[in-house]
Amino acid sequence: MNLSSAFANGFSSTAILIIAIGAQNAFVLRQGLRREHVLPVVAVCALSDAILVQAGVWGLGSAVQAHPALLVAARWLGAAFLLAYAARALLRAYRPAAMQVGSEGTAPAGWQPVVLTAMAFTWLNPHVYLDTVLLLGAIASPYPPSLRMGFAAGASLASLVWFASLGWGARWLAPLFASPHAWRVLDAVVAAMMVALAVGLLLH
C-alpha cells in the first residue's frame, strides 16, 4: 500500500457511493437548474462531506456504532425534514408561476435559507452517516495512519468533483426545463423520492 493507491481508493469508493441520486443530489441538481446560489450549495455539500469523511477515517464510525440512539434520532429528524420538503415540492408542482428559472418567475430565494436547506440535506440524512462515516471508515481502516490522509483526500476530492459537476453541469439541461411542465414533472418526481426516502427511514 502506498499514498497514491490510498488516494485512488478513497476517490473511487466515494464516487461509487455518492453518485446514486438521493435527496442531497436532487437538491443540488434543482439549484443548478435554477442557477440559484450554486457556489454556496456546492461548497456546503462538499465541505460537509469532507468533514464526515475525516470523522469516519479517524474513527468516529466506532463511536456511532456504540451509540445507536444517535442514528435513531437522525432517522426521525431526517424523515420529518424529507416529508416537509416533499410537501414544498408538491406545492411547486401545482404552482406554474414558481417553475420559471431566474427572473421569469418568482424571485430567487435568499442564500441563507438555501444554505440551511443544503446543510439539512447533509446533516439530517442518516444514510450520510452510514455511507460516509461507517462504510468509508471501514474501507480506510486497513490503512496505517500515514496513508489515511491520502484516502481522506481522495474521498473529499471525489465529493467536490461530483457536486461541482452536478451543480454547474445542470445548466446543460436548462433547455429541457424551459417549460413549466418540465419543472412540474421534476418537482413531482422529487416529492415522490423524498416521501419514499422518508418512509424507508421510518420503516428501517
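Residues numbered from 1 in each chain as written. Predicted model: local features only at pLDDT ≥ 70, side-chain atom pairs only at ≥ 80, totals over all residues. Heavy atoms only, no water.

Student: Looking at this structure, I do not really get unusual backbone geometry. What am I missing?
Tutor: If a residue is not glycine, its phi is most likely negative; likewise, a peptide bond is most likely trans. Non-glycine residue Arg35 carries a positive phi angle of around 55 degrees. You can see Arg35 is positioned in the loop between α2 (23-34) and α3 (38-57). Looking at Arg35, the relative accessible area reads 51%, which means it is exposed. Phi at His37 takes a positive value of approximately 55 degrees, unusual for a residue other than glycine. You can see His37 is positioned in the loop between α2 and α3. (Helix = DSSP H or I, 4+ residues; strand = E, 2+ residues; numbered from the N terminus. Buried < 20%, exposed > 50% of the residue type's maximum accessible area, 1.4 Å probe, protein only.)

Student: Just checking my understanding: could you explain the packing of aromatic side chains for this structure?
Tutor: Given two aromatic rings, one states the distance between the centres and the angle between the planes to describe the pair. Tallied over the full model, the rule gives two aromatic pairs. Between Phe27 and Phe121 the ring centres are 5.2 Å apart and the planes differ by 35 degrees, which places this aromatic pair in the tilted class. In this pair, Phe27 is assigned in helix α2 and Phe121 in helix α6 (residues 111-123), connecting sequence segments 94 residues apart. Exposure class is identical for Phe27 and Phe121. Each is buried. With 5.9 Å between their ring centres and 40 degrees between their planes, Tyr143 and Phe151 make a pair best called tilted. (Phe/Tyr/Trp six-rings, centres within 6.5 Å; stacked < 30°, edge-to-face > 60°.)

Student: Teacher, can you tell me more about the side chain of Thr117 here?
Tutor: Along the polypeptide, Thr117 turns up in helix α6. Beyond its immediate sequence surroundings of up to four residues, Thr117 is in contact with Phe27, Phe81 and Tyr85. (Contact = heavy atoms within 4.5 Å.)

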